[in-house]
Amino acid sequence: MRRVSVRVPTPLRDYADQRDDVEVEGETVAAALGALVERYPRLRRHLMAEDGALRSYVNIYLNEDDVRHMDGPATAVGEGDVITIVPSIAGGGLRTANFELRTTNFGQALPHAEGIEW
Amino acid sequence: MPPSCVTRPVMIERAKNQDETLRVRPAVLKTIHAHARAAAPSECCGALLGDGVQVVTAVRLSNEAERSGTRYRIGPDQVRELEADADRRGLTVLGFYHSHPVGPAAPSPGDIRAAWPWYSYLIKGVDGFRAYRLLEDRTAFAELRITPSPGPDRMAS
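It should be emphasised that the depicted structure is a prediction, and the values quoted were computed from it without experimental measurement.

Thoughts on the sheet that holds strand β5 (residues 82–87) of chain A
Reasoning step 1: Taken in spatial order, the five strands of this open sheet run β2-β1-β5-β3-β4 (chain A), and their pairing is mixed. Strands with a single pairing partner mark the edges of an open sheet, and in this sheet they are β2 (21–26) and β4 (65–66) of chain A.
Reasoning step 2: Two elements, strand β1 (residues 2–7) of chain A and β2 of chain A, share six bridges in a ladder whose sense is antiparallel. Bridging across to β2 of chain A, Arg3 of chain A finds its partner in Glu25 of chain A.
Reasoning step 3: Lying over the sheet, helix α1 (residues 29–39) of chain A contacts β1, β2, β3 (58–62) and β5 of chain A, oriented at roughly 125° with respect to β2 of chain A.
Reasoning step 4: Packing against the sheet, helix α2 (residues 76–88) of chain B makes contact with β3 and β5 of chain A, and its axis sits at approximately 105° to β5 of chain A.

Printed below as a string of structure tokens:
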């Protein structure tokens, strides 16, 4: 087993005892990430889909390289390697007729002029 | 039915903790407003950098989405560069903003699927600004109260 360091991004540190760096063991990127979520189970839903595959917005770098350009999660790791979890930020999407917005206590938007000197 | 056709309601709850606010300098909102106007009819996007207590500046980022009129995307290379830039300036990435050029400042199904916890998401819609944070169980957004705080946009000053 090889020891690697996993860099946890800021939005997920609440689920990893506030640690930004976690040392785990594994032979591949997938095994290392598996060890990470085994130690910190609350990370799982933010990193992985129900089938265990990485979510679309989760990017994994091994040292300086995106593993998508290598062997993906099956990429072999070396002793002392650094795995970095990098979020993609995305959203939007066309609102269709069946789009439903359910809300409780939905407040007013902050108007452009309120408290702002334009 | 393909997943994209399934109705996915977006749940929004008032943040349980009344202290759940997004403190942001009005000058920063003005910067974002200008960015949204310049980018229309495309969605604009960027990052909210803060000193731990409040958002002190907004950083414009490039919208990498192919259908930029209804979507936005900030890829990992931009995020890595942003994090490094924030570190150099002693600031923290507190969240991200984007615009809805023809819609309200309400999150879409795509917004919640892609969202990360902890970050604040500020949306500039035709009706103004609203801010949200994803709940840990990923089922809903909590709406944050936007509190203007005094001071200039650090970038613009």
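A word on the side chain of Asn59 of chain A
Reasoning step 1: Residue placement: Asn59 of chain A occurs in strand β3.
Reasoning step 2: Among the polar contacts made by the side chain of Asn59 of chain A, one reaches the side chain of Ser88 of chain A at a distance of 2.8 Å.
Reasoning step 3: Once residues within four sequence positions are removed from consideration, Asn59 of chain A is found in contact with Arg68, Thr84, Ile85, Val86, Pro87 and Ser88 of chain A together with Pro76 of chain B.

So, the nonpolar core
Reasoning step 1: Ranked by internal contacts, the top residues of the largest apolar core, which has 52 residues, are Leu33, Leu36, Leu43, Leu47, Ile83 and Ile89 of chain A together with Phe96 of chain B.
Reasoning step 2: In terms of residues, this core owes the most to one element, α1 of chain A, which gives five residues.
Reasoning step 3: Discounting residues that sit within four places of it in the chain, Leu36 of chain A has contacts with Val6, Val22, Val24, Leu43, Leu47 and Ile85 of chain A.
Reasoning step 4: Counting residues in hydrophobic clusters, the runner-up holds 17 residues, among them Leu122, Phe129, Leu144 and Ile146 of chain B.

Quick look at the confidence of the model for chain B
Residue and element names in this part refer to chain B.
Reasoning step 1: Here chain B shows a mean pLDDT of 84. Residues at 70 or above account for 86%.
Reasoning step 2: In the model of chain B, strand β1 (residues 10–14) stands out as the element of lowest mean pLDDT, 56, in contrast to strand β3 (residues 45–50), which has the highest, 97.
Reasoning step 3: Every residue in residues 1–8 is under pLDDT 50, and counting partners more than four places away or in other chains gives seven contacts.

Digging into the state of the cysteines
Residue and element names in this part refer to chain B.
Reasoning step 1: Using the criterion set out here, one finds zero disulfides over all chains in the structure.
Reasoning step 2: Considering cysteine sulfurs only, Cys45 is the nearest to Cys44, which forms no disulfide, with 6.9 Å between them.
Reasoning step 3: Taking the relative accessible area as the measure of exposure, Cys45 reaches 1% and is therefore buried.

Rules of the game
Residues numbered from 1 in each chain as written. Chains lettered and ligands numbered in written order. Predicted model: local features only at pLDDT ≥ 70, side-chain atom pairs only at ≥ 80, totals over all residues. Heavy atoms only, no water. Pairing = 2+ DSSP bridges. Helix = DSSP H or I, 4+ residues; strand = E, 2+ residues; numbered from the N terminus. Contact = heavy atoms within 4.5 Å. Axes fitted to C-alpha atoms, helices over the stretch in contact; angles between N-to-C directions. Polar contact = N/O pair within 3.5 Å; in protein donor to acceptor, adjacent residues only side chain to side chain. Core = buried A, V, L, I, M, F, W, Y, C linked by side-chain atoms within 4.5 Å. Buried < 20%, exposed > 50% of the residue type's maximum accessible area, 1.4 Å probe, protein only. pLDDT = per-residue confidence, 0-100. Disulfide = S-S within 2.5 Å.

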